[in-house]
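Coordinate analysis (summary)
Here is how the chains run, residue by residue.
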Amino acid sequence: MADAIVSLRNVTKTFPGGVKAVDNVSFDIAQNEFFALLGPSGCGKTTLLRMISGLETPTSGQIIIGGEDMALTPPNKRPTNMVFQSYAVFPHMTVAENVAYGLKVTGVPADETKRRVAEALEMVKLTHLAQRKPDQMSGGQRQRVALARALVKRPKVLLLDEPLSALDAKLRDEMRLELTRLQENVGITFIIVTHDQDEALSMASRIAVMDKGAVQQIATPSELYEQPTSRFIADFIGKVNLINAKVVSSSASKVVCDAKGLGRIELPHVGQAQGDIAIAVRPEKLKISEAQPKGASAIATEGKVRDVAYFGDTSHVVVRCKDDLELAVNVQNDKRAGGAGVERGQQVWIHWAPEDTLVLTE
Ligand code: ATP
């Protein structure tokens, strides 16, 4: 990548005792990206972030930041700064003193410190609370203090470890938007660690999805949702119906397979496919009808409604079909008709377009 600010080259971390937390990871993060490391608990994302910050040393591999190998550079000399989950603010200092602290200890002159603190507080919209103590503030405000403390040092890369996990759901939604805006305004590369897919999808420009120490896929949020490369990604990003299938034949542009509960179907697919595969379809792509759909092209199956959960604008319907295949369907509710228009126990047809089906060979 030409404008990479962070480059990871075959980075591995094995902890004493033999746990391989990060396993041969290589990728680039571009200048100004809002990049997310996403994955289930224990997948190695925090360890990777800590290696970028210098708090952890790779067992092997290279970490290059701003074109320089960081192997011999301690955390405080790296052009990075970390915002921790716990916010780590000093309770006995005012907000302004908290933000100034990192500059004071490195000997930045008082007038410059004052200017930069004012600038950082302005960025996180805390100017009016500069003289407050953190214990007189809300969780969201304290989090902004932690952000200002990191931003005041003008890092090239801001590292954020689960920055929203200590906030309640409503505040988390607000802070997601604020963080996205802040990143756009300050023009600093953000690397965020999260296990929350909604958080990553809504904020990041690109996401690396990790599992068991390895990167499974790196893509934009919509690519991850629409073109997952494996069952793990399809299942981890959003809701999905995963159906086991066996390939009967395949050509350059399509695959014929026998799928559980669906029988023999033909799907568009570019690339190799053989043996056992999975096909995946998102719940919002499925349609429900009382009558068998007309036209031969749709994939269709009959079943009985097992569950209907009402969520206002949508209802989530579960239909049990042949071979114990259960399909989840999201139905847009017509308010005037009152809900999904289907009831538990009802016999229905489920159908969808072959092109809305993903063929997953891994
Ligand atoms: P979480 O979301 O739960 O924080 P994570 O994806 O950030 O998880 P890591 O904290 O990077 O995962 O941990 C990856 C693996 O390395 C886990 O199996 C963990 O137990 C192990 N691990 C992390 N730190 C150490 C350590 N200091 N010593 C030994 N093993 C460790």
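Residues numbered from 1 in each chain as written. Predicted model: local features only at pLDDT ≥ 70, side-chain atom pairs only at ≥ 80, totals over all residues.

Where strand E9 (residues 206-211) and strand E10 (residues 214-219) come together, 5 bridges link them in antiparallel fashion. When the bridges of E10 are listed, Asp-211 appears paired with Ala-214. Linkage of E9 to E10, two consecutive antiparallel strands, is achieved through a turn of 2 residues, within which Lys-212 is found at a positive phi near 50 degrees. (Pairing = 2+ DSSP bridges. Helix = DSSP H or I, 4+ residues; strand = E, 2+ residues; numbered from the N terminus.)

When the domains of the chain are assigned, the result is domain 1 (4-231) and domain 2 (239-360). Taken over C-alpha atoms, the centre of domain 1 sits 39 Å from the centre of domain 2. (Domains from an automatic or database assignment.)

Now for helix H5 (residues 169-186). A rise of 1.5 Å per residue sets the reference length of H5, with its 18 residues, at 26 Å; its end C-alpha atoms lie 26 Å apart and thus fit the reference within 8%. Restricting attention to buried positions, one finds in H5 the residues Met-175, Leu-179, Leu-182 and Gln-183. All buried residues of H5 fall inside an arc of 95 degrees around its axis, so they share one side. Along H5, the residues that are exposed and aim more than 90 degrees away from the buried face are Lys-170, Glu-174, Leu-177, Arg-181, Glu-184 and Asn-185. Among the structural elements, strand E3 (34-38), helix H3 (110-123), helix H4 (139-151), strand E8 (189-194) and helix H6 (197-203) are those in contact with the buried residues of H5. At the C-terminal side of H5, Gly-187 shows a positive phi close to 65 degrees. (Expected span 1.5 Å × (residues − 1). Buried ≥ 20, exposed ≤ 12 C-beta atoms within 10 Å, placed from the backbone. Arc of directions from axis to C-beta. Contact = placed C-beta atoms within 7 Å.)

Take the nonpolar core next. Of all hydrophobic cores here, the largest spans 97 residues; its most connected members are Ala-36, Leu-37, Val-99, Ala-148, Ile-191 and Ile-279. Of all the elements, H4 adds the most residues to this core, at 6 residues. Counting contributing residues, this core receives three or more from each of domain 1 (4-231) and domain 2 (239-360). (Core = buried A, V, L, I, M, F, W, Y, C linked by C-beta atoms within 7 Å.)

So, on to the sheet that holds strand E20 (residues 358-360). Read from one edge of the open sheet, 5 strands run E13-E12-E11-E14-E20, paired in antiparallel fashion. Of all the strands in the sheet, the pair left with one neighbour each is strand E13 (263-268) and E20. The average angle at which neighbouring strand axes cross in this sheet is 40 degrees, direction not considered. (Axes fitted to C-alpha atoms, helices over the stretch in contact; angles between N-to-C directions.)

Right, let's talk about the site of the ligand for a bit. Among the 13 residues in the neighbourhood of the ligand, the closest are listed as Phe-15, Ala-21, Ser-41, Thr-46 and Thr-47. When its residues are assigned to classes, the shell around the ligand shows 4 nonpolar, 8 polar and 1 charged. (Near = placed C-beta within 6 Å. Nonpolar A, V, L, I, M, F, W, Y, C, P; charged D, E, K, R; others polar.)

Read across the sheet, 4 strands follow the order E2-E1-E4-E5 without closing on themselves; strand pairing throughout is antiparallel. Of all the strands in the sheet, just strand E2 (20-30) and strand E5 (68-69) have a single pairing partner and so form its edges. With 5 bridges connecting them, strand E1 (residues 4-14) and strand E4 (residues 60-65) associate as antiparallel partners. Of the residues in E4, the one forming a bridge with Thr-12 is Ser-60.

A few words now on the confidence of the model for the chain. Across the chain, the average pLDDT comes to 91, with 97% of residues at or above 70. When the elements of the chain are averaged for pLDDT, H5 gives the smallest value, 85, and E4 the largest, 98. Scored as a whole, the predicted complex attains pTM 0.87, and scored at its interfaces, ipTM 0.96. (pLDDT = per-residue confidence, 0-100.)

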